[in-house]
Amino acid sequence: MRTKCFFLIVAGLFLLYACTGSSPRKLPRLSDAWVKEHPDSALVLLDALLFPEELPLPERAEYARLRASACAEADKSFAQDTLLEAAIRYYTACGDSFHLSECYRLNALRQLHKDDNVAALNSFILSERFLPQSADSLRLLLYNRIAQQALTASRYDVSRRYARRLMASRDTSFQLVGYYTLAIAFNWEAKRETGLSDSAFYYMEKGISLAEAHPDALLPHYLRNSMNSCLSEQEALRRLQKVISLEGESCNVLASIAQVFLATHQLDSAEHYLRRAEDNYAQTWQSHGREYVTMRNELSVLRSCLDYARGQKDFFSFPGAFNDSIYFASEHNKRVWEEQSSVQSRNAARNLYYQQQRQRMQLLLLCIAFCVFIAAIVISLYIRRKRNRWLEAEERAETLQCLLNDASQATSDTPHDSHFFKKILLQQLGILRLIATTPTEQNKELLQQIARISNREVPADSLLNWADLYPVIDSLYDDFHARLIERFGHLLGEREVQLCCLLAAGFSTKEISVVTNQSPRTVYQRKSDIRRKLRMEEGEDIVEHITSI
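The rules we used
- Residues numbered from 1 in each chain as written.
- Predicted model: local features only at pLDDT ≥ 70, side-chain atom pairs only at ≥ 80, totals over all residues.
- Heavy atoms only, no water.
- Helix = DSSP H or I, 4+ residues; strand = E, 2+ residues; numbered from the N terminus.
- Buried < 20%, exposed > 50% of the residue type's maximum accessible area, 1.4 Å probe, protein only.
- Contact = heavy atoms within 4.5 Å.
- Areas by Shrake-Rupley, 256 points an atom, 1.4 Å probe, with all protein chains shown as cover.
- Patch = residues over 30% accessible without salt bridge, like charges linked within 9 Å, V, L, I, M, F, W, Y side chains within 5 Å.
- Salt bridge = Lys/Arg side-chain N within 4 Å of Asp/Glu carboxyl O.
- Lys, Arg positive; Asp, Glu negative; His and termini not counted.
- Charge placed at Lys NZ, Arg CZ, Asp CG, Glu CD.
- pLDDT = per-residue confidence, 0-100.
- 1 Å grid on protein atoms, 1.4 Å probe; cavity = no way out; pocket = protein on both sides within 12 Å on 5 of 7 lines; lining within 4 Å.
- Points joined across faces, edges and corners; volume = space filled by probe spheres on them.
- Nonpolar A, V, L, I, M, F, W, Y, C, P; charged D, E, K, R; others polar.

## A few points about the overall build of the chain
Within the chain, the regular secondary structure consists of 27 helices and zero strands. Taken over 549 residues, the chain has a buried fraction of 38%. Long-range pairs, those at least 24 residues apart, make up 55% of the contacts in the chain between residues at least 6 apart in sequence. By element, 53% of the accessible surface of the chain is carried by carbon and sulfur atoms, the whole surface being about 32,500 Å².

Structure representation (structure tokens):
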């Protein structure tokens, strides 16, 4: 029985293990530097973890931080990330200010993906607040990011405050960014509220002077964006020509030159630079099958203004045609995207169906294997039990045959001994009677009776009349039964008394098990119970102990 239960438990555990998923349960060990260098590979490894919410809290926070960092480096949206806020709470509780600052920065990027500029600005400010004092370079980068985000959120006071912090740094590049951002903040605010364009022009000129005094890679950018009605024609053209000398011709710089000439009504010069700008755009963008929508629209507007200045009435055809092309292209891209999404959804559904079918087939095969395994165990146990019963029946038959041989040695002339008692006992079982009545058939019925007793088809103990056997025991073995009852009758039961009498008659354990229809184990157990009740040592002879009293 224990073996059967063990096999059933092993099979059940195997089936349970086979039905469990193969998804990884541990967070892969990834360094921050490796994630920044290989963000796509990091996302593949992290997304293989299907249930990150089941991770322990420290690993869950690390997973959220690494995945958000990989998405940010790969320029992918993670607006639906719900674990990053839990990571912020964890790093706040454990006092890890560096990782807390990084999580606030990543959360700001997540808010940008959700188009919540105010929440993004607040997260950037919190990131700077929790940044350790030793991280000065990161702090300047955060100053710049906060100043730029404040412009987008229309918080010009915040943008100016952090732009001035950039201007106070020792790094010339960050000082230039501070001047430029401060000028943009004043300019945007002037267009919306009070008209501080002079302040914007002042800080822009300060930044350009600093950039020219300390050559900077962003100088062309500052020169291009410093075009203002306050500049004279010569100064504007000087700055644009300097941009060309620094980084070569580009369509936006050539278009700006054309705009200056158009504003001063120098139409031929405006036409010359506009054509150069259009050729440069065609060579830079359209030859590679790409479009720079803002630049293309600006060129179309300049072309319409120039045509209108030359007296043409239809000056909306170029921008209108281009805008229509953008609309139809966007509609086409939308339909293509919808089709791709539909195909992806259908493929995902098909993959899910095939995966479910594969899992069902695996489960069916496992169930079949389990049933075959159980059937094999049952058949094996049945055959083993049948074999044991057959061997036991053979042993019982041999034991009865030995009893018969011993009983056949007892005659009327022999003294009353164990052979005589066995003869009487076998007479009660009906075996000797069969021998006497059927001698000519080679004792077939005798063998059948022995087989029936051996197979326990006949209750042998019910065939014995112990009321007649007890006097025989007393006559043969010095009143053994009478003395046993007198001394231990109140301690022993009827079966135990019968066992003691059979032991006194010289019966072995196997012979006792046959004539009493009990298993050898039961006989051994009864002998142990008798020794315990009679306060005997284990292994001490029961008959000698009783007769010695």
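Back to the text.
## Considerations on the side chain of Gln175
Its place among the elements puts Gln175 in helix 10 (residues 172–192). Under the relative-accessibility criterion, Gln175 is labelled buried at 18%. If we skip the residues at most four places from it in the chain, Gln175 touches Leu166, Met167, Ser169, Arg170 and Leu210.

## Focus: a negative patch on the surface
Together, Glu537, Glu538, Glu540, Asp541 and Glu544 make up a negatively charged patch on the protein surface. For Glu544, a relative accessible area of 55% puts it in the exposed group.

## Notes on the confidence of the model for the chain
The predicted structure's coordinates, where accompanied by low pLDDT, should not be read in detail. Of all residues in the chain, 79% have pLDDT values of 70 or greater, and the mean over the chain is 79. Within the chain, no element has a lower average pLDDT than helix 19 (residues 431–437), which sits at 47, and none a higher one than helix 7 (residues 117–130), at 94. Across residues 432–444, where pLDDT falls below 50, the model places 12 contacts with residues more than four positions away in sequence or in other chains.

## As for helix 24 (residues 494–504)
In terms of burial, helix 24 is largely enclosed, as nine of its 11 residues are buried. Within the span of helix 24, buried status applies to Glu496, Val497, Gln498, Leu499, Cys500, Cys501, Leu502, Leu503 and Ala504. Of the residues trailing helix 24, Gly506 is marked for its positive phi of about 85°.

## A short note on empty space enclosed by the protein
In this structure the tally under the stated criterion is two cavities of 30 Å³ or more. One number sums up the size of the largest cavity: a volume of about 40 Å³. Arg495, Gln498, Leu499, Ile512, Thr516, Gln518, Val523 and Arg526 together form the lining of the largest cavity. Breaking the lining of the largest cavity down by element, the ones donating at least two residues are helix 24 and helix 26 (520–533). The biggest single contributor to the lining of the largest cavity is helix 24, with three residues. Across the lining of the largest cavity, the residue classes break down as three nonpolar, three polar and two charged. Roughly 30 Å³ of internal volume is contained in the second largest cavity. As for the second largest cavity, its lining consists of Ala258, Gln259, Leu262, Ala270, Leu274, Leu302 and Leu306. Listing elements by their share of the lining of the second largest cavity, those giving two or more residues are helix 14 (251–263), helix 15 (267–284) and helix 16 (293–309). A total of three residues in the lining of the second largest cavity trace back to one element, the largest contributor, which is helix 14. Among the residues making up the lining of the second largest cavity, the classes are represented as six nonpolar, one polar and no charged.

## Focus: a nonpolar patch on the surface
Residues Met361, Leu364, Leu365, Ile368 and Val372 make up a contiguous nonpolar surface patch of about 470 Å² in total accessible area. Residue placement: Met361 occurs in helix 17 (residues 317–408). Residue class for Met361 comes out partly exposed when judged on its relative accessible area of 46%.

## Considering unusual backbone geometry
Notably, Asp75 is not glycine yet its phi reads approximately 60°, a positive angle. One non-glycine residue, Asp115, adopts positive backbone phi at about 60°. As for its placement among the helices and strands, Asp115 is situated in the loop between helix 6 (97–113) and helix 7.

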